[in-house]
Amino acid sequence: MPPAPPPCKLVYGSGDCSEFDGCSGRGACIDGLCSCAPPYVGLRCMHRAECAAWDSDSSTWSAEGCVSDPDGFAAGSDGVDDGAAAAAALRCSCAAGLE
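Residues numbered from 1 in each chain as written. Predicted model: local features only at pLDDT ≥ 70, side-chain atom pairs only at ≥ 80, totals over all residues. Heavy atoms only, no water.

Enquirer: Outline the confidence of the model for the protein chain, listing residues and values.
Expert: With 76% of its residues at a pLDDT of at least 70, the protein chain reaches an overall mean of 79. Per-element confidence in the protein chain is highest for strand E1 (residues 27–30), whose mean pLDDT is 94, and lowest for helix H1 (residues 83–89), whose mean pLDDT is 48. Note that pLDDT drops below 50 for residues 75–88; the model gives that stretch 21 contacts with residues more than four away or on any other chain. (pLDDT = per-residue confidence, 0-100. Helix = DSSP H or I, 4+ residues; strand = E, 2+ residues; numbered from the N terminus. Contact = heavy atoms within 4.5 Å.)

Enquirer: Lay out the state of the cysteines with the relevant residues and their values.
Expert: This structure, assessed with the given rule, holds five disulfides. Across a sulfur-sulfur distance of 2.1 Å, Cys-36 and Cys-45 are joined as a disulfide pair. Here Cys-36 and Cys-45 share a disulfide; its torsion about the S-S bond, -90°, makes the bridge left-handed. Owing to a relative accessible area of 0%, Cys-45 belongs among the buried residues under this scheme. Two residues, Cys-51 and Cys-92, share a disulfide whose sulfurs are 2.0 Å apart. Judged by the sign of its S-S torsion, about -90°, the cystine formed by Cys-51 and Cys-92 is left-handed. Of this pair, Cys-51 sits in the loop between strand E4 (47–48) and strand E5 (53–55) while Cys-92 sits in strand E8 (residues 92–94), and the two are 41 residues apart along the sequence. (Disulfide = S-S within 2.5 Å. Buried < 20%, exposed > 50% of the residue type's maximum accessible area, 1.4 Å probe, protein only.)

Following this line, the structure appears as structure tokens:
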């Protein structure tokens with residue numbers, strides 16, 4: 001019986017993140033997708049995750065009075081910080097009166 005072939009490894013696009021501007025210099029390219037360094041998120045690591053609270057008086061989101069914990073980002077199951085984990089685990093502290 002011949003040996004089993006190696007498992008397939010999915011690679012997005014060309015595999016070098018050129019489609020995503022090389023992760024904008026804010027992350028690592030892994031199999032063609034950006035793994036963003038906290039606090040950056042998104043396909044190109046262009047968006048900065050930040051704390052915000054709903055200000056019911058002005059009916060808008062506000063970052064005023066909010067502080068993020070720089071150590072409040074969780075690593076993914078593979079130990080690599082990625083955009084989804086950073087956004088999901090951002091720890092915030094906001095002033096009283098904001099929801």
